[in-house]
Amino acid sequence: LMWNMYGNWFSYFWKSGWNVFDFVIVVISITSMVSSDLPGISVLRLFRAFRVFRLFKRVESLKIIIEGVAASMPGVSNAFMILGILMGIWSIIGVEFFADYARQEFATFFQAMFTMWQVMTMDGWASNIARPLLYESGIVAAAPFFVS
């Protein structure tokens, strides 16, 4: 690091974000070696793993992949926004229909949003949410709600 600072005449060294990142990582590492009783300082040493990202500008194929991922972010964010709107609509419907029968899952909008996240990721939605509403509560309208 000192060699890099000397080679870049100190002032040019600070103009590169990667050099500043390396400097912060070295300072954190030295601080954690000198004073190991500081809370959380050893966890900050894990940021050394992010130095691998320097390869993205050196390896052309990785650079192309990263640029493609970055270019797709606006479209992906629009898709997530639409997904959030649909989950919100289904959450409101769930609160209206099932709040009396499944208080833990559909008592409030935010509980229903979490339940819809569980349904969307298929994390136990059939056995923990849908089947109790269908078989124990006898709500036939739960079937098209969860299938749609």
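Trainee: Summarise the nonpolar core; cite the residues concerned and give the values.
Mentor: The nonpolar side chains of a soluble globular protein tend to be buried, and buried together. Counting residues in hydrophobic clusters, the biggest one holds 14 residues, and the most contacted among them are Phe-98, Phe-106, Met-116, Leu-133, Ala-142, Phe-145 and Phe-146. Elements supplying a minimum of two residues to this core: helix 5 (60-98), helix 7 (109-120), helix 8 (125-136) and helix 9 (142-147). Dropping the residues within four chain positions of it, Phe-106 is found in contact with Gly-94, Val-95, Phe-98, Ala-99, Ala-112, Thr-115, Met-116, Ile-129, Leu-133, Phe-145 and Phe-146.

Trainee: Explain a nonpolar patch on the surface residue by residue, including any values.
Mentor: Where nonpolar side chains cluster on the molecular surface, the patch consists of Ile-65, Ile-66, Val-69, Met-73, Val-76 and Phe-80 and spans about 540 Å² of accessible area. Mapped onto the elements of the fold, Val-76 is located in helix 5.

Trainee: Before we move on, can you summarise the packing of aromatic side chains with the specific residues and values?
Mentor: With the rule as written, the count across this model stands at 9 aromatic pairs. Between the aromatic rings of Phe-106 and Phe-145, the centroid separation amounts to 6.3 Å while the plane-to-plane angle is 75°, which identifies the pairing as edge-to-face. One end of the pair, Phe-106, is in helix 6 (residues 103-106); the other, Phe-145, is in helix 9, with 39 residues separating them in the sequence. Assigned by exposure class, Phe-106 and Phe-145 land together as buried. Both rings, one in Phe-109 and one in Phe-110, keep their centres 5.5 Å apart while their planes meet at 75°; by these two values the pair is edge-to-face. Look at Phe-109 and you get partly exposed, because its relative accessible area is 34%. Cluster of aromatic residues (ring-pair linked, three or more members): Phe-97, Phe-98, Phe-106, Trp-125, Phe-145 and Phe-146.

Criteria and thresholds
- Residues numbered from 1 in each chain as written.
- Predicted model: local features only at pLDDT ≥ 70, side-chain atom pairs only at ≥ 80, totals over all residues.
- Heavy atoms only, no water.
- Core = buried A, V, L, I, M, F, W, Y, C linked by side-chain atoms within 4.5 Å.
- Buried < 20%, exposed > 50% of the residue type's maximum accessible area, 1.4 Å probe, protein only.
- Helix = DSSP H or I, 4+ residues; strand = E, 2+ residues; numbered from the N terminus.
- Contact = heavy atoms within 4.5 Å.
- Patch = residues over 30% accessible without salt bridge, like charges linked within 9 Å, V, L, I, M, F, W, Y side chains within 5 Å.
- Areas by Shrake-Rupley, 256 points an atom, 1.4 Å probe, with all protein chains shown as cover.
- Salt bridge = Lys/Arg side-chain N within 4 Å of Asp/Glu carboxyl O.
- Phe/Tyr/Trp six-rings, centres within 6.5 Å; stacked < 30°, edge-to-face > 60°.

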